[in-house]
Amino acid sequence: MTKHDTKNRAIARKLPLNQILAGDCVEVMNSLPAKSVDLIFADPPYNLQLKGELHRPDNSRVDAVDQHWDQFAGFAAYDRFTRDWMAAARRILKPDGAIWVIGSYHNIFRVGAELQNQGFWILNDVVWRKTNPMPNFRGKRLTNAHETMIWASKTENAKYTFNYEALKSLNEGVQMRSDWVLPICTGGERLKDKGGAKAHPTQKPEALLHRLLVGSTNPGDVVLDPFFGTGTTGAVAKMLGRDFIGIEREESYREVAAKRISRVRKFDNEALVTTKAKRAEPRVPFGQVVERGMLRPGEELFSMDSRHKAKVRADGSLIGNDVKGSIHQVGAALEGAPTCNGWTYWHFRREGKMVPIDTLRQQIRAEMEADKGRPN
């Protein structure tokens, strides 16, 4: 274990992991250790500036966002609020940490400007396009069918987490775009209070947080949500093997979130492994397979169709039909091809079966990953 890993674990022990903290988010964040959190997901009040009640054409009242926590004296007051919570968030982010902030047209532009004012580096803005948005009842504007998320690293040169291949897998092998088409909370996912009303007016869907956390965190990372609400961030973080810290000043929301998260079960460790880019995997020379006795000098390797064979040499090279070289060079020469991936081309025989030598490489890689987590 490196000194860096030891320091990170010491900091993590001081954090109130997997807890919902009561109080003002600025005060609570300022009480936490600096540079201790991997990711922040923030869903701050939108400052909707609603005036009067909103009604449907049949004159029934729309359950809109009219709670006291979304009411500010004006833009100056909202900007001060944004500046304060964002500075507190920046202090607790690790140097290679990142932040996601979600908002509507009412606030996202002011939030984006303050992100840049404080030195964050914007990576993407993501449009969450809702498949089932609330209709425009007054008929005086376009139906507001999307929200905007801003993803930013702490600094321009931060080595933030981006699981490109995992998001590509989520999207059936196609690069994940910056427009996400997902439904809002409905049906069984929509939490209700004791009276049967919505427990929170802006509850986010778990699908949104699933995509976000799979793409920008790893198992074991610490995710903080300063506006925890009914706990979507915590619920999804727990499922995905991430640690969370929630901050929420409203007792009714904390109660709903705690009950919700208590019912969540973490996925098994094997299910939490996500697709990694090949370049991100540790390099294993074929010679290491020979050194460790997984294949012996003089042992024969075969192409999958058994048309070609070669012998393993003590230095990790192969010889076949007077062609000498690496597993890749000999495979390419025997096939008359410009290149060859020797790891998938060559096989060895065990108990009458043909086994690709790549299984030996993956075994070594798995051991290397396991060793990372063991203390020296």
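Residues numbered from 1 in each chain as written. Predicted model: local features only at pLDDT ≥ 70, side-chain atom pairs only at ≥ 80, totals over all residues. Heavy atoms only, no water.

An unreviewed UniProt entry annotates the protein as Methyltransferase of Paracoccus aestuariivivens. UniProt's Sequence similarities (unreviewed entry) comment on the protein is quoted here verbatim: "Belongs to the N(4)/N(6)-methyltransferase family." (UniProt positions renumbered as here; feature names shortened; annotations may be inferred.)

Q: When you look at the overall build of the protein in this model, what are you seeing that I'm missing?
A: Along the backbone of the protein there are 13 helices and 14 strands. Taking all 376 residues of the protein together, 43% fall into the buried category. A fraction of 69% describes how many contacts in the protein between residues 6 or more apart in sequence connect residues 24 or more apart. (Helix = DSSP H or I, 4+ residues; strand = E, 2+ residues; numbered from the N terminus. Buried < 20%, exposed > 50% of the residue type's maximum accessible area, 1.4 Å probe, protein only. Contact = heavy atoms within 4.5 Å.)

Q: Would you explain the pairing of strand S5 (residues 146-153) in this entry?
A: Residues in a regular strand point their side chains to alternate faces of the sheet. Here S5 lies mainly inside the structure; seven of its eight residues are buried. Sheet topology note: the strand S3 (residues 93-103)/S5 ladder contains six bridges and is antiparallel. Along S5, the bridge assignment pairs Trp100 with Trp151. Where strand S4 (residues 121-130) and S5 come together, eight bridges link them in antiparallel fashion. Within the sheet, the bridge partner assigned to Asp125 lies in S5 and is Ile150. (Pairing = 2+ DSSP bridges.)

Q: Even after reading the chapter, I still don't get helix H3 (residues 75-92), so can you show me in this structure?
A: Because an α-helix packs 3.6 residues into every turn, residues spaced three or four apart end up facing the same way. In a regular helix each residue adds 1.5 Å, so 18 residues correspond to 26 Å; H3 covers 26 Å between its end C-alpha atoms and thus fits that length. All of the buried residues in H3 are Ala77, Tyr78, Thr82, Trp85, Met86, Ala88, Ala89, Arg90 and Ile92. For H3, the elements touching its buried residues are helix H2 (25-30), strand S2 (37-42), S3, helix H4 (108-117) and strand S7 (222-225). (Expected span 1.5 Å × (residues − 1).)

Q: Honestly, the packing of aromatic side chains in this entry has me stumped. Any pointers?
A: Given two aromatic rings, their pairing is described by the distance between the two centres and the angle made by the two planes. For the structure on display, the rule yields 11 aromatic pairs. Taking 4.8 Å as the distance between ring centres and 90 degrees as the angle between the ring planes, the aromatic pair formed by Tyr345 and Trp346 counts as edge-to-face. We classify Trp346 as buried; its relative accessible area is 0%. An aromatic cluster of three or more residues is present, and its members are Trp100, Trp151, Tyr160, Phe162, Tyr164 and Trp180. (Phe/Tyr/Trp six-rings, centres within 6.5 Å; stacked < 30°, edge-to-face > 60°.)

Q: Where do I start with the sheet that holds strand S14 (residues 353-356) in this structure?
A: Paired through backbone hydrogen bonds, the strands of a sheet run either parallel or antiparallel to each other. Here six strands make up an open sheet; going across it, the order is S12-S11-S10-S9-S13-S14 and the pairing antiparallel. Edge positions in the open sheet fall to strand S12 (323-325) and S14, since each of these has one partner strand only. Sheet twist, expressed as the average angle between the axes of neighbouring strands with direction ignored, equals 35 degrees. Taken together, the two bridges between strand S10 (residues 309-312) and strand S11 (residues 318-320) define a ladder with antiparallel strand orientation. Paired with Val312 across the bridge in S11 is Leu318. Along the sheet, helix H11 (residues 327-335) makes contact with S10, S11, S12 and strand S13 (346-350), crossing S12 at roughly 155 degrees. (Axes fitted to C-alpha atoms, helices over the stretch in contact; angles between N-to-C directions.)

Q: Is there a simple way to explain unusual backbone geometry in this structure?
A: At Asn18, a position not held by glycine, the phi torsion is positive, near 55 degrees. Position of Asn18 relative to the elements: it lies in the loop between helix H1 (3-13) and strand S1 (19-22). Asn18 gets classed as partly exposed once you look at its relative accessible area, which sits at 40%. Unlike most non-glycine residues, Asp322 shows phi in positive territory, near 65 degrees. For Asp322, the position within the fold is in the loop between S11 and S12. The exposure class of Asp322 is exposed, given its relative accessible area of 74%.

Q: What is the right way to look at helix H7 (residues 232-239) in this model?
A: Within H7, seven of the eight residues are buried, leaving the element largely enclosed by the surrounding structure. Of all the residues in H7, the buried ones are Thr232, Thr233, Gly234, Ala235, Val236, Ala237 and Met239. Where the residues of H7 are buried, they touch S2, helix H6 (206-216), S7, strand S8 (243-248), helix H8 (251-262) and helix H9 (269-272). Taken from the residues just after H7, Gly241 is the one with a positive phi, measuring 75 degrees.

Q: Explain the pairing of strand S6 (residues 179-182) to me, please; I cannot follow it from the model alone.
A: Of the two faces of S6, the one holding Trp180 and Leu182 is buried and the one holding Asp179 and Val181 is not buried anywhere. Two elements, S4 and S6, share four bridges in a ladder whose sense is parallel. Residue pairing across strands places Trp128 opposite Trp180, the latter belonging to S6.

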